[in-house]
Amino acid sequence: MRQPIIAGNWKMYKTAAEAVEFVRDLKPLVAGARHCEIVICPPYTSLEVLAPALAGTGISLGAQNMFWEAEGAYTGEISPGMLSAAGCRYVILGHSERREYFGESDEIINRKIKAALINGLIPIFCVGEKLAQREEGVTTQVVRKQVTGGLAGIAAADAARMVIAYEPVWAIGTGKTSSSQDAEEVISFIRGVVEELYGPGSAADVRLQYGGSVKPGNARELMGMSNIDGALVGGASLDPVSFAQIVNYPA
Ligand code: 13P
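Note that the structure is predicted; figures quoted are calculated from it, not measured.

(A) Quick peek at the nonpolar core. One finds Ile6, Ile40, Leu50, Ile164, Ile190, Tyr210 and Phe243 to be the most contacted residues of the largest nonpolar core, which totals 66 residues. The greatest single-element share of this core, amounting to six residues, is contributed by helix α9 (residues 180-198). Among the nonpolar cores identified, the runner-up in size contains 12 residues, and Ala7, Val39, Ile122 and Cys126 belong to it.

This is the structure we're talking about:
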């Protein structure tokens, strides 16, 4: 049985003090949630303060990016080992904003995924098509290329413990959610690609999230789809009440 996973991607929002305040407010709101794993992915500057704030809550910590090298003269970069030492269990890799604004290719993302896995971090690996690609009808080709490129050279057992987030770029921050049927269709396609690459065992175990304008009002329907195992939430994860409502989607 795949445990659902709801992750908040804070992007470039919140100071460390605001992050601590958020966790203080969130904790009582999700204290009863046993049905899913909860992850918060703040900016790097909040990781060290949130690790102790989250201890004992069952809420996991994740980062939003990292470099693949262990250490060296790479000004401005953060290594996988540094994230583990800061208390991270997860790291978001290949987010469309990294692809778009920082030139991350499938090959770069693949190097990062390998480095994360070697260091015991679980990648939340993001894929998704742009609006023009959806309109051209090439969504599955685009997503297949991203998935196979990102997973190149990765062993079946590692692929099985990863999280893959399907985030259609046109649905991110726009208020336009993919319909739950459309999201399910692409996400079940992704599970099929994992099956082609690794066989049914890994395909059955890999957790697949939907991301893109997930809100309290649509979380339950999305989470009800048989191949959707969670959500990667941007804007609505910045407020403890709305994030808790998404986490508590069955209620
Ligand atoms: P929004 O939930 O703000 O659309 O962002 C989605 C996202 O990019 C999460 O990684």
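(B) Inspection of the pattern of salt bridges at higher detail. In this structure the tally under the stated criterion is 15 salt bridges. The partner of Arg99 in a salt bridge is Asp106, and the shortest N-O contact between them spans 2.8 Å. According to the relative accessible area criterion, Arg99 is buried, its value standing at 18%. Using a relative accessible area of 16% as the deciding quantity, one classes Asp106 as buried. Asp158 is the salt-bridge partner of Arg161, the closest N and O atoms lying 3.1 Å from each other. Residue Arg161 and its partner Asp158 are both found in helix α8 (residues 156-161); the two are separated by three residues, about one turn of the helix. Given a relative accessible area of 35%, Arg161 falls into the partly exposed group. Judged by its relative accessible area of 24%, Asp158 falls in the partly exposed class. Each of Arg2, Arg191 and Asp229 takes part in a single network of salt bridges with overlapping partners.

(C) Unusual backbone geometry, seen in detail. Phi at Lys11 takes a positive value of approximately 55°, unusual for a residue other than glycine. Residue position: Lys11 is located in the loop between β1 (5-9) and α1 (16-30). Using a relative accessible area of 19% as the deciding quantity, one classes Lys11 as buried. Backbone geometry at Lys14 places phi at a positive 85°, although glycine is not the residue there. Relative to the helices and strands, Lys14 is located in the loop between β1 and α1. Assessed through its relative accessible area of 23%, Lys14 is described here as partly exposed.

Conventions adopted
In every chain, residue numbers begin from 1 and rise along the written sequence. pLDDT decides what is reported in this predicted model: residues at 70 or higher carry local features, side-chain atom pairs at 80 or more are listed and counted, and totals for whole chains, interfaces and linings draw on all residues regardless. For side-chain calculations, the full set of non-hydrogen atoms in the structure is used, while hydrogens and water are omitted. Residues belong to one nonpolar core when they are buried, are Ala, Val, Leu, Ile, Met, Phe, Trp, Tyr or Cys, and are joined through side-chain atoms within 4.5 Å. Only protein chains enter the accessibility calculation, which uses a 1.4 Å probe; a residue whose area is less than 20% of its type maximum is buried, one above 50% is exposed, and one in between is partly exposed. Helix and strand assignments come from DSSP, with helices taken as H or I runs of at least 4 residues and strands as E runs of at least 2, each series counted from the N terminus. Salt bridges are defined by distance alone: a side-chain nitrogen of Lys or Arg within 4 Å of a carboxyl oxygen of Asp or Glu.

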